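Listed below, chain by chain, are the residues.
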Amino acid sequence: MTSVSLINAVNSINPTKCIFHPKKDYFSFNISYTKSKTSEIQMRIKQSRITTVAAGNQEIDLTDPCWKPKFQEDFDSRFNLPHLKDVLPLKPRPTTFSLKNRNAQLVNGANVLADRKNGYVNEDDRALLKVIKYSSPTSAGAECIDPDCSWIEQWVHRAGPREEIYFEPREVKAGIVTCGGLCPGLNDVIRQIVFTLELYGVKKIVGIQYGYRGFFDPGLAEIELSREVVQNINLAGGSLLGVSRGGAEISEIVDSIQARGIDMIFILGGNGTHAGANAIHNECRRRKMKVSVICVPKTIDNDILLMDKTFGFDTAVEAAQRAINSAYIEARSAYHGIGLVKLMGRSSGFIAMHASLSSGQIDVCLIPEVPFQLEGPYGILQHLEHLIETKGSAVLCVAEGAGQCFLDKTNSTDASGNVRLGDIGVYLQQQIKKHFSGIGIPADVKYIDPTYMIRACRANASDAILCTVLGQNAVHGAFAGYSGITVGICNSHYVYLPIPEVISSPRAVDPDSRMWHRCLTSTGQPDFT
């Protein structure tokens, strides 16, 4: 693997002579201190935060005087990007990608283009994964490696075009596949991947229909893609290629890739899709195939680790505003009206939290990461009584994965292996009606579920820009010779990350974070536990 040491001036970090073992895992997700007793869910969230900074199979030995440089070395090793030349004797060639004008311009006798920066990313360029230095584990949203919140720089690879590439563009056959469920922005990403491939000089670009199914279903032919075909697909929601969940055995998919002569495969999907892509990448490496497997993270729930956000999320939050506003108007217009909106979020409540915060119309926001009670003096139903008495109406926003402990288990899974959730929206609607009927107070409950309306939306301006850059950088990563990576945005910078590092667990809302605290301040809701 290509590697650049991120341990600068180790002696200044720790003057003690340290012995390193590059292939040894030094760290685990387990930190031996806690501030207080927490619920199982909250502890899982805290451990999820730790996974962004530590990994391995052993605990951090904070008594080891060398633990900091070892940690940094381990991080550097884990975030090193897999490259085709790790398994194949490849030599690079000069890139065919250039943003310079074809005709040189002379100004006062000087060649302007000769002095202009070429716009390429250096192989050693890095971006910081974390930018806040916390002084204490008790700080809001603190992500600490040790009880002293020691600052250790964590660098990841910067995304973008390289000066040297590892494919002959005119010989390349590239494939694009969209997996999982619908998400705003899929067509935008497809469009930009095609545009950028053509700028490199690629002539053979195909779309694989209906997710991984398209690799093994003989009735699903490849779709030839070009600028003319994809020019206006961003004007509509959905996916030009179609989507589906699940797929065949990895060996069958790789057999299909090999038979089709595909050299680059761009896979758009969430955690499950990324896991499948990583398995495809590993099988291609095992067979020593010159195939670059590049992912673009697609999850409307925004639950991919390490990234600021994933495409489709901003559009989902914006579209949710219309549903929330409708519920608000219904509630305010009715006598003792209660509006209830269920939004997406199986294990992560980002959409519900951000939609509640941005709308300013929500009185109660419920997410999977924060447990709640319905009954009792600190329950939701008691708080609704208070809202009806003082305001005359109330509006609730609930993520689909919240409150599953109140529902019977379905004991079934979808094609992706996800457990089918019970409908918390319908359950809450029934319980609210039952409660107010039991105490003799009339209540008019209106329930809105805009899930499929939101998924099918066209990407808004913010997501369209994100999709454009992600699509372009996916192609740059493939031509740079990387494989088994995903492209994302971290601290406003676009980066490449190894797939295993982003699928170790779903990203979740931290109940101790400033953003959740802001949401609580906006809604004014009490602690329902």
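Up top is the structure these notes are about.
Model, not experiment: these values are computed from the prediction.

Attention now moves to the overall build of the chain. A count of helical and extended segments in the chain gives 17 helices and 17 strands. Per-residue burial for the chain yields a buried fraction of 53% across its 529 residues. Partitioning the contacts of the chain with sequence separation of at least 6, the portion at a separation of at least 24 is 78%. Here the chain displays about 23600 Å² of accessible surface, and carbon together with sulfur accounts for 49% of that area.

On the basis of which strands lie adjacent, the open sheet formed by nine strands has the order E4-E5-E17-E16-E11-E10-E7-E8-E9 and mixed pairing. Of all strands in the sheet, those bounded by a partner on one side alone are strand E4 (126-128) and strand E9 (223-224). With two bridges joining them, strand E11 (residues 292-297) and strand E16 (residues 485-490) adopt parallel strand pairing. Looking across to E16, one finds that Ile294 is bridged to Ile485. Contacting strand E7 (173-178), strand E8 (204-208), strand E10 (264-269) and E11, helix H5 (residues 186-200) crosses the sheet at an angle of about 160 degrees to E10.

Under the defined criterion, the tally for this structure stands at eight aromatic pairs. Taking the centre distance of 5.0 Å and the plane angle of 25 degrees together, the rings of Phe97 and Tyr200 count as stacked. Of the two residues, Phe97 is situated in the loop between strand E1 (93-94) and strand E2 (106-107) and Tyr200 in helix H5; the sequence distance between them amounts to 103 residues. The pair formed by Phe97 and Tyr200 is uniform in burial state, with each residue classed as buried. Three or more aromatic residues link up through ring pairs in this structure, and these residues are Phe97, Phe167, Tyr200 and Phe479. Over the ring of Phe195 we find Arg227; its NZ or CZ atom is 3.9 Å from the centre of that ring. In this structure, Lys290 packs its charged tip against the face of Phe167, placed 4.7 Å from the ring centre.

Overall, the coordinates contain one disulfide when judged by the stated rule. A disulfide bridge connects Cys144 with Cys149, and the sulfur atoms are separated by 1.8 Å. Between Cys144 and Cys149, the disulfide has an S-S torsion of 60 degrees and is therefore right-handed. Residue classification places Cys144 among the buried positions, given a relative accessible area of 6%. Free of any disulfide, Cys365 has its nearest cysteine sulfur in Cys519, 4.2 Å distant. The class of Cys365 is buried, set by a relative accessible area of 2%.

Residue position: Gln525 is located in the segment after helix H17 (514-523). For Gln525, a relative accessible area of 11% corresponds to the buried category. Reaching out from Gln525, the side chain makes a polar contact with the backbone nitrogen of Cys365 at a distance of 2.7 Å. Only 3.0 Å separates the side chain of Gln525 from the side chain of Thr523, close enough to count as a polar contact. Dropping the residues within four chain positions of it, Gln525 is found in contact with Asp363, Val364, Cys365, His383, Trp516 and Leu520.

Procedures and definitions
Residues numbered from 1 in each chain as written. Predicted model: local features only at pLDDT ≥ 70, side-chain atom pairs only at ≥ 80, totals over all residues. Heavy atoms only, no water. Helix = DSSP H or I, 4+ residues; strand = E, 2+ residues; numbered from the N terminus. Buried < 20%, exposed > 50% of the residue type's maximum accessible area, 1.4 Å probe, protein only. Contact = heavy atoms within 4.5 Å. Areas by Shrake-Rupley, 256 points an atom, 1.4 Å probe, with all protein chains shown as cover. Pairing = 2+ DSSP bridges. Axes fitted to C-alpha atoms, helices over the stretch in contact; angles between N-to-C directions. Phe/Tyr/Trp six-rings, centres within 6.5 Å; stacked < 30°, edge-to-face > 60°. Lys NZ or Arg CZ within 6 Å of the ring centre and 35° of its normal. Disulfide = S-S within 2.5 Å. Polar contact = N/O pair within 3.5 Å; in protein donor to acceptor, adjacent residues only side chain to side chain.

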